[in-house]
Amino acid sequence: MSSVFLSVIVPVHGVQGYLRQCLDSILEPGCPGLEVIAIDDKSPDGCGAILDEYALRDPRVRVVHLEENVGLGEARNVGLSLATGEYVWFFDSDDYTAEGSMLSVYERLQETKPDVLIFDYARSYWHGKVQRSVINKLFREPPAPDTFALRDRPSVLQLMMTAWNKAIRREFLVELGLKFSGGYYEDINVTYPILMAAEKLSLLDQVVYIYRQRRRGAITRTGGKKHFDAFKQYERIFAFMAQHPETDQYRPLMFDRTIWHLLVILGRGDRVLPEDRERFFSEMSRIYRTFRPADHTLPEDVQLAAKYRLIEKNNFRAFETSKKLNERRISAKKRVRKYRGKVRKTVRFAKGKANGLYYRTQLRLPVDENLAVYAAYWYRGYACNPAAIYESQKELAPKVKGVWVVKRGNAAKMPEGVPYVVAGTREHSRLMARAKYFVNNVNFTDDPVKRKGQVHVQTQHGTPLKKMGLDQMEFPVGANDMDFRELIDRADRWDFLVSSNPLSSEAWDRGFPCSYELLETGYPRNDRLVRATDAERAALREQLGIPEGKKAILYTPTHRDYMKRFSPQFDLRRFTEALGDDFVLLLRAHYFYRPKSMGLPEDRIIDVSSYPIVEDLAIASDALLTDYSSIMFDYAVLEDRPIVIYANDWDTYKLTRGVNFDLTQQPPGVIAFTEDELVDAFASGRAWNDTAVKDRTAFRARFCSWEDGNAAERVVRRVFLGEQLPKPAR
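None of the values given here were measured: they were computed from a predicted structure.

> I would appreciate a short explanation of the overall build of the protein in the present structure.
Across its full length, the protein carries 26 helices and 22 strands. Principal-axis analysis of the C-alpha atoms gives the protein an extent of 95 × 70 × 40 Å. Burial status across the protein gives 55% buried among its 730 residues. Long-range contacts, defined as pairs at least 24 residues apart, comprise 73% of the intrachain contacts of the protein with a sequence gap of at least 6. Summed over all atoms, the accessible surface of the protein reaches about 33500 Å², with 49% contributed by carbon and sulfur. Taken as two groups, the 109 positive and 99 negative side-chain charges of the protein have centres that lie 9 Å from each other.

This is the structure:
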């Protein structure tokens, strides 16, 4: 007899940003006899690698990699065929359980031994709201016995008819011979029949399952002909009832649930395409006339009863007329609000009334197919990923003219020969109105209107150790009163988002759930690090004033949201004195700060905070000292140089900012928690020893595998030349 009590079956496809949370919530400690059967349904992203990672460290996880995409229903069937547990639970891979709820499910199953256990859920919205199901009262009104049959509580059929809010006795399901079908609404031809056939049902009046309401990615919210699959699914349900006469008592209620659901599908504007609406209505009329019970009575609701009559008569014209009259009233109000908002936006963009009028005039002119806008760090100048893409674009797509936007005070620092405009001028207004391409490592301001045909490329400017985007909502210090709706409105303008490694891809999917194409290319700015030469390194060391024969440690502390000004996390003077004359420290404060003179010994510390190109500093240095800065991921590209992490306030940083993985468990080298440990890391040579090299090699394999010196070229070929890119290795 199997020792497995509960088999959780998780089909997986295209959810790399959410999969870890899903699996972590299921693999709750203290659940005896648990197995997780994860079906990699030929996922196009990093899901397969994530599943293998979990299976390697947790024997409760079994992974099956399918050779072709079979869809949710068939993937569930594959999992069911492999399950050995007394109960099975079909779990969607972008959702998760409420804290502690796995044990609650275990306890309820063991107490009641039902054929089917049904538990409640909550919808988790992308903007942070979590709302319990609106019909949760059906779990307790009237009070339910521990177990019952459907005839004693037919209101159960009004609960959510999905597979994920139920734990099902496996032998009961197998003996019924029920299988999930292909196509949309694949679970209803299982979930309705099992309730009608069960001798023992049980309810758990608790939010167990968190149903994620994604902004994109849910297939049933995509318009298309696949929504016609619903008719076949309901025909399967009535066919099951025909084979099981004992279910006849539920036929009127089942009929009403069918018509209700079909009306919901037709009523949602994002599902049935306009050209298919009449045919969908006709099919609904056919289902109505075919399966309406002889003793069926019309609903008491007058409006719903009127819809029933129109469906029976297949009177699509009258049905649409009543619907359109209501829609026109709502649409008219929305159009007025949208027009007023657009006018305000265009007027706000340029300074002064004259520039506002000029900008609106430019918007009426054609988009220039050979004009690109570049910017970095809120118009600070020529830097980072946009600069690397600009250089590659000049070579591979020379017809396109790239123009940079810079602040007036930074214009003099622009490299010779690089075209630029000053932010806020008429030239800037024209550029934003007319250019086809926009490349930035932060967001452009909210005011410019994105025109049809314009292409926005968001490069980001670091691998996200810390939480980013919507992930910050749980960390108010890091969020700093951020308006997340506005943040997502900005991200909605992106057509492409550059990812440096699999961790970034997961974080961007989660933090910015918008309709861009993810460019898994590596970071363009790191191409220089891959291609750096000894001669280039020597020239940079001389330029920076690094004394010959000394080891230069690049110190790059990150920004801390709970600190208002730059403050070193250790005594710089003591640190450099302890290391002696063989070392020099390159101090690079975060760009949010302008460190004032701290009276530090200039023969031991070189302040490079204002030096514009951090890649130069990385190439010139001999080792990196940082805390939680994303530079560690870039610096790891330089495989021969050690990285030391000073994590004296890791717990505080983790709690206030949130992190995407535990750096202390997967460091890129030596990790120090005290000043003494930090000094010893360099003074003793531990930063260069075999253990540090092994950790750095593992870190590189995880985070630098896409860095081959050709990242900028890949971005240019996809964005400017329209070429397709191969999927990167994971």
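> I would appreciate a short explanation of the pairing of strand β2 (residues 34-40) in the present structure.
Strand residues, when the strand is regular, have side chains that alternate between the two faces of the sheet. For β2, a buried count of 7 out of 7 residues is recorded, marking the element as mostly surrounded by other parts of the structure. The parallel pair strand β1 (residues 6-12) and β2 is bridged by helix α1 (residues 19-26), and the resulting crossover is right-handed. Two strands pair when backbone bridges link them, and β2 and strand β3 (residues 61-65) are joined in this way by 5 bridges, in the parallel orientation. Note on β3: the bridge partner recorded for Asp-40 is His-65. In this region the chain leaves β2, passes through helix α2 (residues 47-57) and returns to the parallel neighbour β3; the handedness of that crossover is right-handed.

> It is not clear to me how the nonpolar core should be interpreted in this structure. Could you clarify?
Across soluble globular proteins, nonpolar side chains show a tendency to be buried alongside one another. Counting residues in hydrophobic clusters, the biggest one holds 63 residues, and the most contacted among them are Phe-90, Val-116, Leu-173, Tyr-192, Ile-194, Leu-195 and Leu-262. Once you skip the residues sitting within four places of it in the chain, Phe-90 turns out to touch Ile-9, Arg-76, Leu-80, Ala-163, Trp-164, Ile-168, Leu-173 and Phe-180.

> Help me understand the side chain of Ser-392 in this model?
Looking at the element boundaries, Ser-392 is found in helix α13 (residues 384-396). Ignoring anything within four residues of it in the chain, the contact list for Ser-392 reads Ala-397, Ala-712, Glu-713 and Val-716.

> Explain unusual backbone geometry to me, please; I cannot follow it from the model alone.
Trans peptide bonds make up most of the peptide bonds, and negative phi angles are found at most residues other than glycine. A cis amide bond links Glu-141 to the next residue, Pro-142, at an omega of -10 degrees. Relative to the helices and strands, Pro-142 is located in the loop between β7 (130-132) and β8 (166-169). With a phi angle near 55 degrees, Trp-378 is a residue other than glycine that sits in the positive phi range. You can see Trp-378 is positioned in the loop between β10 (368-375) and α13.

> Please explain the sheet that holds strand β21 (residues 643-646) as it appears in this structure.
Sheet strands pair via backbone hydrogen bonds, and the direction of the pair is either parallel or antiparallel. Strands sit in the order β19-β18-β17-β20-β21-β22 across an open sheet of 6 strands; the sheet is parallel. Two strands close off the open sheet at either side, each with one partner strand: β19 (605-607) and β22 (670-672). Across the sheet, the mean angle separating the axes of adjacent strands is 20 degrees when strand polarity is ignored. As defined by bridge partners, strand β17 (residues 551-556) adjoins strand β20 (residues 623-626) across 4 bridges and the pair is classed as parallel. Bridge pairing in β20 links Tyr-555 to Leu-625.

Conventions and cut-offs
- Residues numbered from 1 in each chain as written.
- Predicted model: local features only at pLDDT ≥ 70, side-chain atom pairs only at ≥ 80, totals over all residues.
- Heavy atoms only, no water.
- Helix = DSSP H or I, 4+ residues; strand = E, 2+ residues; numbered from the N terminus.
- Buried < 20%, exposed > 50% of the residue type's maximum accessible area, 1.4 Å probe, protein only.
- Contact = heavy atoms within 4.5 Å.
- Areas by Shrake-Rupley, 256 points an atom, 1.4 Å probe, with all protein chains shown as cover.
- Lys, Arg positive; Asp, Glu negative; His and termini not counted.
- Charge placed at Lys NZ, Arg CZ, Asp CG, Glu CD.
- Right-handed = clockwise from strand over helix to strand, strands pointing away.
- Pairing = 2+ DSSP bridges.
- Core = buried A, V, L, I, M, F, W, Y, C linked by side-chain atoms within 4.5 Å.
- Axes fitted to C-alpha atoms, helices over the stretch in contact; angles between N-to-C directions.

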